[in-house]
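Observations on chain architecture
Residues per chain are reported as follows:
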Amino acid sequence: SAAEAGLYSASDQIILLSKETVEPVLVNSTAALVVEFYASWCGHCISFSPVYRSLARDIAEWKTAVDLAAIDCAERANKRVCNEYQVTGYPTLKFFHAYSKPGALGQSFKGFSRDIMGLRHKIIDKLESHGELWPPACPPLEPISQAELESFFETISVRHLALIFEMNDSYVGREVTLDLLHFENIEVRRVLSTEVGLVTKLGVTDFPSCYLYYPGGNFTKLKVNIEARVFYSYALKRLPGVVRSGKPPPVIKDVHTNSTEEPWRPFNSSRVYMADLESTLHYSLRVELSAHPVIRGQALRALKMYISVLVKYFPGRPIVMNLLKAVNSWLKQSSSEVSYEELSAILDNTAQSPDTALPDGVRWVACQSSQPHLRRYPCGVWTLFHVLTVQAYNNHSTDPEEVLSAMRNYVHSFFGCRQCAEHFENMARESILEVNTLMSAVMWLWSRHNRVNNRLAGALSEDPNFPKIQWPSPDMCPSCHTVKPNGDHRWNNDRVFPFLLSFFSSSSILPDYLE
Ligand code: FAD
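**Points about the domain arrangement of the chain**
Segmenting the chain into domains produces domain 1 (3-128), domain 2 (146-244) and domain 3 (272-293 + 362-510). The C-alpha centroid of domain 3 is placed 31 Å from the C-alpha centroid of domain 1. Taken residue by residue, the interface counts 10 residues in domain 1 and 9 residues in domain 3. The largest per-residue losses of area from domain 1 upon contact with domain 3 belong to Ser11, Arg57 and Met117, which jointly make up 52% of the total buried on that side. Joining domain 1 to domain 3, the criterion identifies 1 salt bridge. A salt bridge links Asp488 to Arg120, with the shortest nitrogen-to-oxygen separation between them at 2.7 Å. Applying the counting rule to domain 1 against domain 3 returns 5 residue pairs in polar contact (both at pLDDT 80 or more). Those elements that provide at least two residues to the side of domain 1 that touches domain 3 are helix H2 (43-58) and helix H4 (116-128).

**Overview of the side chain of Thr280**
Position of Thr280 among the secondary structure elements: in helix H10 (residues 274-288). On the basis of relative accessibility, which here comes to 1%, the residue Thr280 falls in the buried class. With near-sequence residues (within four places) excluded, Thr280 lies in contact with Trp364, Tyr377, Gly380, Val381 and Leu384.

**Quick notes on helix H7 (residues 172-179)**
Most of H7 sits out of view: 8 of its 8 residues are buried. All of the buried residues along H7 are Val172, Gly173, Arg174, Glu175, Val176, Thr177, Leu178 and Asp179. Close packing links the buried residues of H7 with H4, strand S6 (160-166), strand S7 (183-184), strand S8 (186-192) and helix H9 (229-237).

**Brief notes about the site of the ligand**
With respect to spatial proximity, 22 residues lie near the ligand, and among them Arg375, Trp382, Trp446, His449 and Lys468 are the closest. In the environment of the ligand, an oxygen atom lies 2.7 Å from a nitrogen or oxygen atom belonging to the side chain of Arg375. Measuring from an oxygen atom of the ligand, one finds a side-chain N or O atom of Ser461 at 3.1 Å. Considered on its own, the ligand offers 940 Å² of accessible surface; in the complex 89% of this is hidden by protein. For the shell around the ligand, the leading source of residues is helix H17 (residues 438-456), giving 7 residues.

**Notes on the state of the cysteines**
Using the criterion set out here, one finds 5 disulfides in the structure. Paired by a disulfide, Cys42 and Cys45 hold their sulfur atoms 2.4 Å apart. Judged by the sign of its S-S torsion, about 85°, the bond between Cys42 and Cys45 is right-handed. Note on accessibility: Cys42 and Cys45 belong to one class, buried. The side chain of Cys477 participates in a disulfide bridge whose partner is Cys480; the two sulfur atoms lie 2.0 Å from each other. Taking the sign of the S-S torsion, 80° for the link of Cys477 and Cys480, the bridge is right-handed. The same class applies to Cys477 and to Cys480, which are both buried. Each bonded cysteine of the chain is numbered by sequence order, and under that numbering the disulfide pairs are 1-2, 3-4, 5-6, 7-8, 9-10.

**Here's the deal with the sheet that holds strand S2 (residues 32-38)**
Pairing is mixed across the open sheet formed by 5 strands, whose spatial order is S1-S3-S2-S4-S5. Both edges of this open sheet fall to strand S1 (15-17) and strand S5 (107-108), since each of them pairs with a single strand only. Bridge count between S2 and strand S3 (residues 66-72): 7 bridges; the pairing is parallel. Looking at the pairing, Ala32 lines up with Val66 of S3. The strands touched by H4 within the sheet are S2, S3, strand S4 (92-96) and S5, with S4 carrying the most contacts at an inclination of about 35°.

**Looking at unusual backbone geometry**
Cis peptide bonds are those with omega within 30 degrees of zero, and the linkage from Tyr90 to Pro91 qualifies with -10°. Here Pro91 is to be found in the loop between helix H3 (79-84) and S4. Of note, the amide linkage connecting Phe207 to Pro208 takes the cis form, showing an omega dihedral of 5°. Relative to the elements of secondary structure, Pro208 occurs in the loop between helix H8 (196-202) and strand S9 (209-213). One non-glycine residue, Gln86, lies in positive phi territory at about 60°. Position of Gln86 among the secondary structure elements: in the loop between H3 and S4. On the accessibility criterion, Gln86 (54% relative accessible area) is exposed. In this structure, His396 takes a positive phi of about 50° despite not being glycine.

**Considering the nonpolar core**
Taken as a class, soluble globular proteins show a tendency for nonpolar side chains to be buried jointly. Formed by 79 residues in total, the largest nonpolar core has its most connected members in Tyr306 and Phe314. Among the nonpolar cores identified, the runner-up in size contains 33 residues, and Cys45, Leu93, Leu119 and Leu178 belong to it.

**A word on the packing of H10 against helix H14 (residues 377-394)**
Where H10 contacts H14, the two axes come as close as 9 Å, and the packing angle between them is 115°. It follows from the interaxial angle that H10 and H14 lie roughly perpendicular. For H10 against H14, the interelement crossing comes out left-handed. Taking contact as the criterion, the partners of Leu277, Thr280, Leu281, Tyr283, Ser284 and Glu288 in H10 are, on H14, Tyr377, Gly380, Val381, Thr383, Leu384 and Val387. Counted by class, the contact of H10 with H14 contains 7 nonpolar, 4 polar and 1 charged residues.

Conventions we followed
- Residues numbered from 1 in each chain as written.
- Predicted model: local features only at pLDDT ≥ 70, side-chain atom pairs only at ≥ 80, totals over all residues.
- Heavy atoms only, no water.
- Domains from an automatic or database assignment.
- Contact = heavy atoms within 4.5 Å.
- Buried area = accessible area lost by both parts, 1.4 Å probe.
- Salt bridge = Lys/Arg side-chain N within 4 Å of Asp/Glu carboxyl O.
- Polar contact = N/O pair within 3.5 Å; in protein donor to acceptor, adjacent residues only side chain to side chain.
- Helix = DSSP H or I, 4+ residues; strand = E, 2+ residues; numbered from the N terminus.
- Buried < 20%, exposed > 50% of the residue type's maximum accessible area, 1.4 Å probe, protein only.
- Near = heavy atom within 4 Å.
- Areas by Shrake-Rupley, 256 points an atom, 1.4 Å probe, with all protein chains shown as cover.
- Disulfide = S-S within 2.5 Å.
- Pairing = 2+ DSSP bridges.
- Axes fitted to C-alpha atoms, helices over the stretch in contact; angles between N-to-C directions.
- Core = buried A, V, L, I, M, F, W, Y, C linked by side-chain atoms within 4.5 Å.
- Parallel < 35°, antiparallel > 145°, perpendicular 65-115°, else oblique.
- Left-handed = near helix turned anticlockwise from the far one by under 90°.
- Nonpolar A, V, L, I, M, F, W, Y, C, P; charged D, E, K, R; others polar.

Below is the structure:
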């Protein structure tokens, strides 16, 4: 489509506007909107696009209060719309209040900074400039006073109230308020350092710092590694009873509820299980591939690469490795096309070679889900390829792109979720060329998986028992997280990399629940 030809794709968390959709999206929207008017040929726009994309990921949880959109004014069909909005230079950012009227031109961001934090703060300022037509989903952003706090629980019944104590010019309180906007059983308010009564009552000495306050005046300080936005948001989302709005609360699995379902397999969520990896291979090779009765051309090349990478790097049991080798040698001497039927005969070892087999059926462990349609196979696919990138690193592979190319081609040719395949291909096309070392392959897959987690947080495909997080969480790897000098979250890549090496290493894969 025309929108896809611009600087953004459907995989970015940005509404792609066109001549037809500008009005329906902007007029009377219940959320405020920031619109970037750009021209796809303009150098400034091209260099700004990764910033805008990161901003969209950074405030993805604010969508129902304020959302981001973009329109390509270089697109002929859009030219008139851009003129109507009186856009004369690119990029132009405009803020549209919720419930904007037809013909509203929006407020331009004047001389906006090109860093995410500056833009985020500007958006909060604009949001606060809202008069009476406050976006209904947007929680109050003004500071709470001692008097208001004393009567707070008379009007609002909520399990947790988080108070963020901060200086007047700090945005952390408002950012966390917006970050928690889609979560129930929690309210967040900022308290200014000048609210002396409260500061004294709670004995607050650090600004910012966060306290949980309960009816009757009990309070506790929220424990975090670093007093900063992402750490507060993460910790608050994990308080007991805090759930994403509109999601059923997490269920504690009762093994007796459904006798036809397999019993729940207890597992350690910070470990990888061979049973998940073998289940993934079973599903991929026996179920997903079987949808392709004849495999040729690009798909055959994809299959060959996939099997070859598995033979080299899958840290499997000898019996499984023998089977993968058998498939690999058969593929190597195959002609220009293969039939799934022949492949299936090899997978099922109809030649009856001893010590060669891929267990039939699935036994999900760390990829178990609260409902049959969640997690499982896609969880296994991610886990498998993380393990393979780490193995390629440990085995000093000579080709840094080998595993990622195999994944990219497998997903493109075979992954049953076609929309996932399209999103993955968009990410690969955008940045896979940056991968030029074995280490950067490991890191690329980790960071792109986090982008997918960011996009899917709160989606229907999210299992309420396994919320999508930016992984690993601060409690899994405290030193993986740090802050920039300006206080914004930063991954400590020097720590993330060894964490990934150890998490996905062959020596830490657990053999539990194997047949
Ligand atoms: P998963 O995201 O599947 O993760 C599995 C496990 O990997 C986690 O439990 C955790 O232990 C670990 N992990 C989590 N994050 C990371 C990370 N950043 N780095 C390393 N390890 C991590 N679903 C859609 O609805 N839309 C899509 O567009 C979409 N695209 C996909 C593209 C691909 C290539 C794949 C493999 C899957 C895609 N999915 C998509 C499915 C989705 O990403 C999840 O796999 C699925 O929702 C199951 O989620 P999960 O909770 O099991 O965790």
